[in-house]
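The primary structure of each chain is shown beneath.
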Amino acid sequence: MSRDTPLSPLKIYTIDDPPLIPNPEPFIDVGQFDVNRPIAIDFGSYNVRAGYTGLSDPHFNFPTRLTRHRDRKLSKTFTFIGNDTKLDQTIRAQSKTPFDGNIITNWDYVEDILEYTFHHLGVTPNNNNGIPNPLILNERLACLQSQRQNWYQMVFETFNLSQVAFGIDSLFGYYANNPTGNSDGIIINCSNEETDVIPVVDGKGILTECKRINWGGRHSVEFLNNLLTLKYPYFPSKLSPFQYEYMYHKFCYTAGNFTKEIESLLSLPSLEEQNIVVEVPFVEIIHPKKTEEELQRQAEKRRETGKRLQEQARQRRMEKLVQKTEEYEYFSHVKDSLVDQPKKHVLSVLQNAGFDDEADFKKYLNNLEKSLKRAQILEADENDEHDEPENKFDLVDIPDEELNEEQIKEKRKQRFLKASFDARVKAKEEKARLFKLEEEARIKDQEWRETSLSTWIKDKRGKLNALIKKRKDKLKLRDEMKDRKSQVAQNRMKNLANLAEDGPRQKRSRQQASIDNDPNDTFGANDDDWQVYNDITQNPEAFDELLEDEYKEIVELEGKLLEFDPNFTEEDTLDAQYDWRNSVYHLFLRGPRPHDSEDPHQQHQMHLNVERIRVPEILFEPTIGGQDQAGIAELCETIVTKKFGSKPSEISNTALNMCKNVWLTGGNAQIPNMKQRIVNEFTSFLPSGTPIGVNISDDPSLDAWKGMSQFAQSEEAFKEAIITRKEYEEFGSEYIKEHKFGNYKYFE
């Protein structure tokens, strides 16, 4: 993309907290349901799905969250559960889940949520104050005995149910999509807290060969939160977890080939398609628009102020130039007076003047001369209109004895004006001399270019590269000086500490003042001081001025190369190197558009690009999220190629049948392109031509509840899985019934 190509505006998505609901959760009419009809509850860490079995969808699907809100006016505490927490923003922000990871830790919340569920389902206790309906509940793979024990107590002792059945949610989800129940396959369960890979043979999960990845939807949302917080550490607004959750579900997708996409994602053509701009709502401060007359008055006032400040600055520079001229003349006279003098006498005079030796004196005088020339050139450029004729200085050469008091004052004024005039004359002469030297150098350079163009181009390119490298080194040094932990800053502190230990230096008299004529400024008296100056660049204004001069020289060289070097283009210039289109940092942070830091809308915007594929990729590369585990593809490859009779050179028929029936289930499986990525991974490790069948339902988050509902309708299988109150009282809380959809005692 050319730098001159016009850019169309990007689409901006406004992200806000999900909308509140106007009404509380409704109750259902239970007149049509049998009191003995089983109830299925998928008690997940993200959502609770509950309803009477035998239906295609649950009656209720609400977040597993609860809020206890204290109303101080009424002096009452109200409990809000599920969707009812969305009635108010404050209540929603205070809501909590009974889960800590994938383990339930707050059973009081569980009791309230179950009571809320039964109440909305219209369940009526029988004569024994118990719930007559059988209950079917889900549990995680390899559920802890302590968790099941608490569930037993909750079901049989708190709610006085007569019978309950437990089963693994992912196996129920597989059964919902394979109602025959005798097929081979692989379950990939992508849930909110974990991801499970379970092989299935003849409709029964082989739990001894199942694997778990400690990563789910909740971890992905938190990881996206951390990535964007690091990417925009000074973002003006604090986003809520609901907003990060929305961005994850709305904009993240699974890459078909992560390595290939990540390499090209931060290029301009790719960002034009993949970059997502999200903006957080904010209150924009709109200043009242000023009239044309007010704007003109302000502009005129600024011009007058600018002229006054320029005149003051010119006057100060002129005074300093006069002082530097006098100082240089004085030290030049000292230098001339020491010619042909004995070294001992020279050293004595210089030491009395505040110098260490003759080399120190020469160095000081050379620096003073350079500073004076720079100041003279500046004055010659800016003060041509301020020249005064010599006949205005008629009192300068008259002795004070011949003048009255008023004339003496006028003489002092004329002396200063004459010194200023002489300084400008010298500045003009110096400027003319430099112009002549530059013209001679230009003619010589032109003759060289016409004589040997290739050598001329090579020389200019070498100078340009050296200047650019020198500039980059200086900019790097400046950036390091801002970091107090950098090596440059540490060296600076050591040098300053060493200077402090040396004690105060001998002060110079008025005649031996510094370049800036500050008698108390002895900086530069020896090489140690100049080393400190070079290390810390003590004068930032001078440093910026030096960078500006170097930049002008670089631009001049680039202009010559653009004119005479056919291989040097605009893309090779310094500006092109620092152009935002060539900055990976800018593309990553601000996308494929220039950034205006003063625009309040852009200040409240985030750009999602790499994060869109990096977060879902953790399911295939858990090391990205800090998990020392294998990913989904590697686990499936191990099951297919190394288990169930498969050999390195041959895959068994059972494993091949599994590859034909791979099912994605769980809410986190809804990330776009997940199915195609699984197909690509299976294709990569299976022999060519092997049939592959990867399936996903319309709403995989409901697969578990639908499987539970169907399972409850199969009377014989459901009856074998039911645990009655009598069995619980007889065998205790450690009792477990093994069935094709439940956990084994092997996991205890």
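Data block above holds the structure.
Residues numbered from 1 in each chain as written. Predicted model: local features only at pLDDT ≥ 70, side-chain atom pairs only at ≥ 80, totals over all residues. Heavy atoms only, no water.

## What about the pairing of strand E12 (residues 195-201)?
Among the seven residues in E12, six count as buried, and that is most of the element. Relative to E12, strand E11 (residues 185-190) runs antiparallel, the two being bridged by six bridges. The residue of E12 that forms the bridge with isoleucine 188 is valine 197. From the end of E11 to the start of E12, which pair antiparallel, there are four residues. Sheet topology note: the E12/strand E14 (residues 211-213) ladder contains three bridges and is antiparallel. (Buried < 20%, exposed > 50% of the residue type's maximum accessible area, 1.4 Å probe, protein only. Helix = DSSP H or I, 4+ residues; strand = E, 2+ residues; numbered from the N terminus. Pairing = 2+ DSSP bridges.)

## With respect to empty space enclosed by the protein
Taken as a whole and assessed by the stated rule, the structure comprises two cavities of 30 Å³ or more. When its volume is computed, the largest cavity comes out at roughly 80 Å³. Taken together, the residues of the lining of the largest cavity break down into five nonpolar, three polar and three charged. (1 Å grid on protein atoms, 1.4 Å probe; cavity = no way out; pocket = protein on both sides within 12 Å on 5 of 7 lines; lining within 4 Å. Points joined across faces, edges and corners; volume = space filled by probe spheres on them. Nonpolar A, V, L, I, M, F, W, Y, C, P; charged D, E, K, R; others polar.)

## Re the nonpolar core
Of all hydrophobic cores here, the largest spans 50 residues; its most connected members are Ile186, Ile188, Met247, Ile632, Val640, Ile678 and Phe682. A total of six residues in this core trace back to one element, the largest contributor, which is helix H21 (residues 632-642). Counting residues in each nonpolar core, the second largest holds 36 residues, with Leu121, Val123, Met154 and Ile723 among its members. (Core = buried A, V, L, I, M, F, W, Y, C linked by side-chain atoms within 4.5 Å.)

## Looking at helix H2 (residues 107-121)
The terminal C-alpha atoms of H2 lie 21 Å apart, and with 15 residues this matches the ideal 21 Å at 1.5 Å per residue to within 8%. With eleven of 15 residues buried, H2 is to be regarded as a mostly interior element. All of the buried residues along H2 are Trp107, Tyr109, Val110, Asp112, Ile113, Leu114, Tyr116, Thr117, Phe118, His120 and Leu121. Backbone nitrogen of aspartate 108 and a side-chain oxygen of the N-cap are separated by 3.3 Å at the start of H2; the cap is asparagine 106. Positive backbone phi, approximately 75 degrees, marks glycine 122, located one or two places after H2. (Expected span 1.5 Å × (residues − 1). Polar contact = N/O pair within 3.5 Å; in protein donor to acceptor, adjacent residues only side chain to side chain.)

## Re the pattern of salt bridges
Here the structure, examined in full by the defined rule, presents 24 salt bridges. Between aspartate 42 and arginine 49 there is a salt bridge, with the nearest N and O atoms lying 3.5 Å from each other. Given the relative accessible area of 4%, aspartate 42 is considered buried. The structure contains a network of salt bridges with shared partners spanning Arg140, Glu194, Asp196 and Arg212. (Salt bridge = Lys/Arg side-chain N within 4 Å of Asp/Glu carboxyl O.)

## Quick notes on a negative patch on the surface
Taken together, Glu438, Glu545, Glu548, Asp549, Glu553 and Glu556 make up a surface patch of like negative charges. Ranked by the residues each element gives to the negative patch, the list is headed by helix H16 (residues 540-564), at five residues. With respect to the helices and strands, glutamate 545 occurs in helix H16. (Patch = residues over 30% accessible without salt bridge, like charges linked within 9 Å, V, L, I, M, F, W, Y side chains within 5 Å. Areas by Shrake-Rupley, 256 points an atom, 1.4 Å probe, with all protein chains shown as cover. Lys, Arg positive; Asp, Glu negative; His and termini not counted. Charge placed at Lys NZ, Arg CZ, Asp CG, Glu CD.)

## Some thoughts on the packing of aromatic side chains
Counted according to the given criterion, the structure contains 27 aromatic pairs. The interplanar angle of 85 degrees and the centroid separation of 5.7 Å between the aromatic rings of tryptophan 456 and phenylalanine 564 together place this pair among those described as edge-to-face. Placement of tryptophan 456 in helix H13 (residues 453-482) and of phenylalanine 564 in helix H16 is noted, with a sequence separation of 108 residues between them. In this structure tryptophan 456 comes out as buried when scored by relative accessible area, which is 0%. The structure contains a cluster of three or more aromatic residues connected by ring pairs, namely Phe172, Tyr175, Phe711, Phe718 and Phe741. (Phe/Tyr/Trp six-rings, centres within 6.5 Å; stacked < 30°, edge-to-face > 60°.)

## Examining the pairing of strand E3 (residues 47-52)
Counting buried positions along E3 yields six of six residues, so the element is predominantly enclosed. Across five bridges, the pairing between strand E2 (residues 39-43) and E3 is antiparallel. When the sheet's bridge partners are listed, isoleucine 39 is paired in E3 with tyrosine 52. The hairpin turn running from E2 into E3, its antiparallel successor, is three residues long. One ladder, built from four bridges, connects E3 with strand E4 (residues 60-63); its direction is antiparallel. When the sheet's bridge partners are listed, valine 48 is paired in E4 with phenylalanine 62.

## Section: the sheet that holds strand E15 (residues 276-279)
Strands sit in the order E1-E15-E16 across an open sheet of three strands; the sheet is mixed. What marks the edges here is a single partner per strand, and that holds for strand E1 (12-14) and strand E16 (605-608). Between one strand axis and the next, the sheet turns by 30 degrees as a mean value, whatever way the strands run. (Axes fitted to C-alpha atoms, helices over the stretch in contact; angles between N-to-C directions.)

## Regarding the sheet that holds E2
In spatial order, the strands read E4-E3-E2-E9-E10-E19; together these six strands make up an open sheet with mixed pairing. The two strands at the open ends of the sheet, each matched to only one other strand, are E4 and strand E19 (723-724). Packing against the sheet, H2 makes contact with E2, E3, E4 and strand E9 (135-139), and its axis sits at approximately 145 degrees to E2. Against the sheet, helix H24 (residues 703-713) makes contact with E2, E3 and E9, and its axis sits at roughly 155 degrees relative to E2, the strand it touches most. (Contact = heavy atoms within 4.5 Å.)

## Some points on helix H5 (residues 217-231)
Here H5 spans 21 Å end to end across 15 residues, near enough to the 21 Å set by a 1.5 Å rise per residue. Along H5, the positions that sit buried rather than exposed are Gly217, His219, Ser220, Val221, Phe223, Leu224, Leu227, Leu228 and Lys231. For H5, the secondary structure elements touched by its buried residues are helix H6 (241-251), helix H18 (584-590), E16 and helix H20 (610-614).

## Remarks on the packing of H2 against helix H3 (residues 145-158)
For any two helices packed against each other, the geometry comes down to the angle between their axes and how far apart the axes lie. For the pair H2 and H3, interaxial distance at closest approach is 12 Å and the crossing angle is 45 degrees. In terms of orientation, H2 lies oblique with respect to H3. The handedness of the crossing between H2 and H3 comes out as right-handed. Residues Trp107, Val110, Glu111 and Leu114 of H2 lie in contact with H3, whose contacting residues are Gln147, Asn150, Trp151, Met154 and Thr158. (Parallel < 35°, antiparallel > 145°, perpendicular 65-115°, else oblique. Left-handed = near helix turned anticlockwise from the far one by under 90°.)

## Here's the deal with unusual backbone geometry
With phi around 55 degrees, serine 75 is a residue other than glycine that occupies positive phi space. Along the polypeptide, serine 75 turns up in the loop between strand E5 (66-71) and strand E6 (76-81). Serine 75 sits in the partly exposed class, given a relative accessible area of 47%. The backbone of aspartate 340 sits at a positive phi, close to 65 degrees, despite the residue not being glycine. Topologically, aspartate 340 is positioned in the loop between helix H9 (292-337) and helix H10 (343-352). Its relative accessible area of 78% is what places aspartate 340 among the exposed residues.

By themselves, these observations are geometric and do not establish any function.
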